[in-house]
Amino acid sequence: METRTYECQYCRKDYVPKRRGVQKFCSNSCRVRSHQLKNKKPKGTEVTTGNNTKTDKTKIEEMSIAGVANSLGGNLAAQGLISLFTKEENKPATKGDLLKLAASLKRYHQVKNLPPNHLGQIPNFDLYKGEIVYFGLSLSFKN
Ligand SMILES: [Zn+2]
């Protein structure tokens, strides 16, 4: 009869097995615990999966931030579109609007209450510079 002891695969304790060749653990509790460990292994993976899920969550959060940014951009774009279709009169004037207005206005305006210069050039009010500039020939001086 064999008296060699087995080593418990859970607690590493030498034990005399009751069923040789089959038994791997010194006791039922070690067998159960070992199985629990084995079963925990996939659970451990699950924990990792949980971490992955966490990462996924973070990704989702990032995505939703991006989504919010996107929708914000969308809103801004929509606002831009709205302002495009808003009547000019209803919009508060911006510097750009004033520049556009200025651009739509003639830069030079003939000044009629000033005489032409010695070259016969007619005075014009430069709207941009706010100065009187002389150029062109006055019709009245044309012979
Ligand atoms: Zn054991």
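Attention in this report is confined to the structure presented alongside it. Keep in mind that what you see is a predicted model, and the values were worked out from it rather than measured.

Parameters and conventions
Counting restarts for each chain: residues are numbered from 1 in the order of the written sequence. Side-chain atom pairs in this predicted model are given and counted only at pLDDT of 80 or more, local residue features only at pLDDT of at least 70, and totals for whole chains, interfaces and linings cover all residues. The basis for the side-chain values is all heavy atoms of the structure; hydrogens and waters are excluded. Labels follow the DSSP assignment, with helices taken as runs of H or I lasting at least four residues and strands as runs of E lasting at least two, numbered in each case from the N terminus. Contacts are residue-level and defined by heavy atoms, with any inter-residue pair within 4.5 Å sufficient. A 2.8 Å cut-off from the metal defines N, O and S donors, relaxed to 3.2 Å for Na, K and Ca; water is not in the atom list, so some sites may appear incomplete. Angle rules define the geometry names used: all angles between 85 and 135 degrees makes four donors tetrahedral, while opposite donors over 155 degrees apart and all other angles between 65 and 115 make four donors square planar and six octahedral, leaving every other case irregular. Relative accessibility thresholds used throughout: buried, under 20% of the residue-type maximum; exposed, over 50%; partly exposed, between the two (1.4 Å probe, protein chains only). Each patch groups residues whose relative accessible area exceeds 30% and which form no salt bridge, using 9 Å between like charges and 5 Å between nonpolar side chains of Val, Leu, Ile, Met, Phe, Trp and Tyr. Working definition of accessibility: Shrake-Rupley area with a 1.4 Å probe, residue cover restricted to the visible protein chains. Each salt bridge in this description consists of a side-chain nitrogen of Lys or Arg and a carboxyl oxygen of Asp or Glu lying within 4 Å of one another. Polar contacts, as used here, are pairs of N or O atoms within 3.5 Å; protein pairs need one atom able to donate a hydrogen and one able to accept it. Residues neighboring in sequence count only if both atoms are side-chain atoms. DSSP-based pairing: two strands are paired if at least 2 bridges between them are found. Note on geometry: axes are C-alpha line fits, over the in-contact stretch for helices, and angles between N-to-C directions span 0 to 180 degrees.

Details of the side chain of Ser34
- Assignment of secondary structure puts Ser34 in helix α1 (residues 28-85).
- Excluding residues within four positions of it along the chain, Ser34 makes contact with Tyr10 and Phe25.

Thoughts on the coordination of the zinc ion
- Note on the zinc ion: its protein donors are Cys8 (SG), Cys11 (SG), Cys26 (SG) and Cys30 (SG). The metal-donor distances range over 2.2 to 2.3 Å.
- Considering all 4 donor atoms around the zinc ion, the spread of angles at the metal, 102 to 118 degrees, places the coordination shape in the tetrahedral class.
- Counting gaps between the donor residues of the zinc ion yields the pattern C-x2-C-x14-C-x3-C. Note that Cys8 is positioned in the loop between β1 (6-7) and β2 (14-15) and Cys30 in helix α1, a separation of 22 residues in sequence. Each member of the pair, Cys8 as well as Cys30, is classed as buried.

Comments concerning a nonpolar patch on the surface
- On the surface, a cluster of nonpolar side chains totalling about 680 Å² of accessible area is made up of Leu101, Leu105, Leu114, Phe125, Leu127, Tyr128, Ile132 and Tyr134.
- In this fold, Leu101 is placed in helix α2 (residues 95-104).

With respect to unusual backbone geometry
- Phi is positive for Arg12, close to 60 degrees, though the residue is something other than glycine.
- By secondary structure assignment, the location of Arg12 is in the loop between β1 and β2.

A short note on the side chain of Gln23
- Tracing the backbone shows Gln23 in the loop between β2 and α1.
- Within polar-contact distance, the side chain of Gln23 engages the backbone nitrogen of Lys18 at 2.7 Å.
- Residues contacting Gln23, with those up to four places away along its chain left out, are Tyr6, Tyr15, Pro17 and Lys18.

Some remarks on the sheet that holds strand β4 (residues 121-126)
- What the 3 strands build is an open sheet, ordered β3-β4-β5; its pairing is antiparallel. On the outer flanks of this sheet lie β3 (108-110) and β5 (131-137), each paired with one strand and no other. Averaged over neighbouring strand pairs, the angle between their axes works out to 45 degrees when direction is ignored.
- Looking at chain direction, β4 and β5 are connected through 6 bridges and run antiparallel. The residue of β5 that forms the bridge with Asp126 is Glu131.

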